[in-house]
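Now for the letters of each chain:
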Amino acid sequence: MAIVTNAYPSYDTTGKTLKEQLADTISNISPYETPFMSAIKKEKAKSTKVEWLKDTLTSPSTSNAQLEGETYAATAVADVTRLDNMAQISAKNFAITSTQDAVDNSGMQTYSAYELAKQSKSLKTDMETAMFQNGAKVVGSATAARKLAGIKSWIGTNSSRASNGADPTALLGAHAPTNGTQRALTEDMLKSVVKGVWESGGKASSIYVGSFNKQKISSSFTGGAQKQVQVDTKVIVGAVDTYISDFGTLNVIPARHQAARDCWILDHDLWSMATLRDYKVDELAKTGDAKHYLLTTEYTLCAKNEAGNGVIADLTTS
């Protein structure tokens, strides 16, 4: 069909008179989930160096049988272990002109408020990444920022690494592990580490992996091959979100902000985040026709007892 002769169509205006239609929403798919930081305990720090104590029971004895009327000499008491980590300052800052806040922006009340909300989410992902990926703690100086030791520098009692990889020395947060040649994740690796965690007295409840190894677990781990769950015939189950081991049930959690080459077997009760300074927003000194904001927090990671956790390191990621 032909259009009416000399009818003036909208596509001939070349944008001179048409009013744009801009939806009053902003789409942002950048990931900001922080499953590990959200799951662990929170406590108050009182210094830039946060300290805590670790202790263990003596090994069980098969010969603890005593004579009737026995006399006793006191046995030596083992001292507790003092551990520490450094409080790390993380910050975000941004400046917004007064005009930008005054104009009618789509999808927001003011640009400052929108940017503050966005930077707050970004700051939390920085903190999650630090806890997962930081190496050894850094005491800090006038020219070097303090850094917390992430879980990479704590866990080693129960680990599976490539033959040329190495656990962090002393497991005190003072040394980073040594990466080895990457190899494929297997169920036998997981079984071995979970077994070690249990034998050490741990009660791990979560497995953290990157996207590739999450799918590896879903596609390659057989578990009890005859154990099935009946679902609606229209549903295809292609994921393993829960792994029932011989030593307990573990949730399989895909974590965006950890190193993809690591698989962590963790007990959340054995970790905490200690905060020296909670999230705070300051408006910095005005030097022009704009507002400059600073968002800060000061925090650290406390590894209460690394032996109740495990790691499978040096994994392939593609």
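Each remark here, short or long, concerns the structure printed above.
What counts as what
Residues numbered from 1 in each chain as written. Predicted model: local features only at pLDDT ≥ 70, side-chain atom pairs only at ≥ 80, totals over all residues. Heavy atoms only, no water. Helix = DSSP H or I, 4+ residues; strand = E, 2+ residues; numbered from the N terminus. Buried < 20%, exposed > 50% of the residue type's maximum accessible area, 1.4 Å probe, protein only. Contact = heavy atoms within 4.5 Å. Areas by Shrake-Rupley, 256 points an atom, 1.4 Å probe, with all protein chains shown as cover. Salt bridge = Lys/Arg side-chain N within 4 Å of Asp/Glu carboxyl O. Core = buried A, V, L, I, M, F, W, Y, C linked by side-chain atoms within 4.5 Å. 1 Å grid on protein atoms, 1.4 Å probe; cavity = no way out; pocket = protein on both sides within 12 Å on 5 of 7 lines; lining within 4 Å. Points joined across faces, edges and corners; volume = space filled by probe spheres on them. Nonpolar A, V, L, I, M, F, W, Y, C, P; charged D, E, K, R; others polar.

### Some remarks on the overall build of the protein
So, point 1. The helix and strand tally for the protein stands at 5 helices and 12 strands.
So, point 2. Within the span of the protein, comprising 318 residues, buried residues form 38% of the whole.
So, point 3. Of the contacts made within the protein by residues no fewer than 6 positions apart, 76% connect residues no fewer than 24 positions apart.
So, point 4. Split by element, the accessible area of the protein, about 19,700 Å² in all, is 51% carbon and sulfur.

### Concerning the pattern of salt bridges
So, point 1. Under the counting rule described, the total for this entry stands at 14 salt bridges.
So, point 2. For Asp126, the salt bridge is made with Lys92, and the minimal N-O distance between the two is 2.9 Å. Placement of Asp126 in helix α3 (residues 111-133) and of Lys92 in strand β4 (residues 88-97) is noted, with a sequence separation of 34 residues between them.
So, point 3. Residue Asp126 is classed as partly exposed on the basis of its relative accessible area, which comes to 34%.
So, point 4. Given the relative accessible area of 18%, Lys92 is considered buried.
So, point 5. Residues Lys118 and Glu115 are paired through a salt bridge, measuring 3.4 Å at the closest nitrogen-oxygen approach. Placement of the pair is Lys118 and Glu115 together in helix α3, with a separation of 3 residues, close to one helical turn.

### Things to note about the nonpolar core
So, point 1. Among the nonpolar cores identified, the biggest contains 34 residues, and Phe36 and Trp271 are the most heavily contacted of them.
So, point 2. Listing elements by their share of this core, those giving two or more residues are α1 (35-39), β2 (49-54), α3, β9 (263-266), β10 (271-283) and β11 (290-303).
So, point 3. Setting aside residues up to four positions removed in sequence, Phe36 forms contacts with Glu128, Met131, Phe132, Ile151, Tyr208, Leu266, His268, Trp271 and Leu301.
So, point 4. Counting residues in hydrophobic clusters, the runner-up holds 19 residues, among them Leu185, Val194, Val209 and Ile265.

### Focus on empty space enclosed by the protein
So, point 1. Inspection of every chain in the model, using the stated rule, returns 3 cavities of 30 Å³ or more.
So, point 2. Quantified by volume, the largest cavity comes out at close to 60 Å³.
So, point 3. Lining the largest cavity, in full, are Val194, Val197, Trp198, Gly202, Lys203, Ala204, Ser245, Phe247, Gly248, Leu250 and Ile265.
So, point 4. Those elements that place two or more of their residues in the lining of the largest cavity are α4 (187-199) and β8 (248-254).
So, point 5. The leading source of residues in the lining of the largest cavity is α4, at 3 residues.
So, point 6. Within this model, the second largest cavity holds a volume of roughly 40 Å³.
So, point 7. Residue lining of the second largest cavity: Lys152, Arg161, Pro177, Asn179, Arg261, Asp262, Trp264, Val311, Ala313 and Asp314, and that is the complete set.
So, point 8. The residue inventory of the lining of the second largest cavity, partitioned by class, reads 4 nonpolar, 1 polar and 5 charged.

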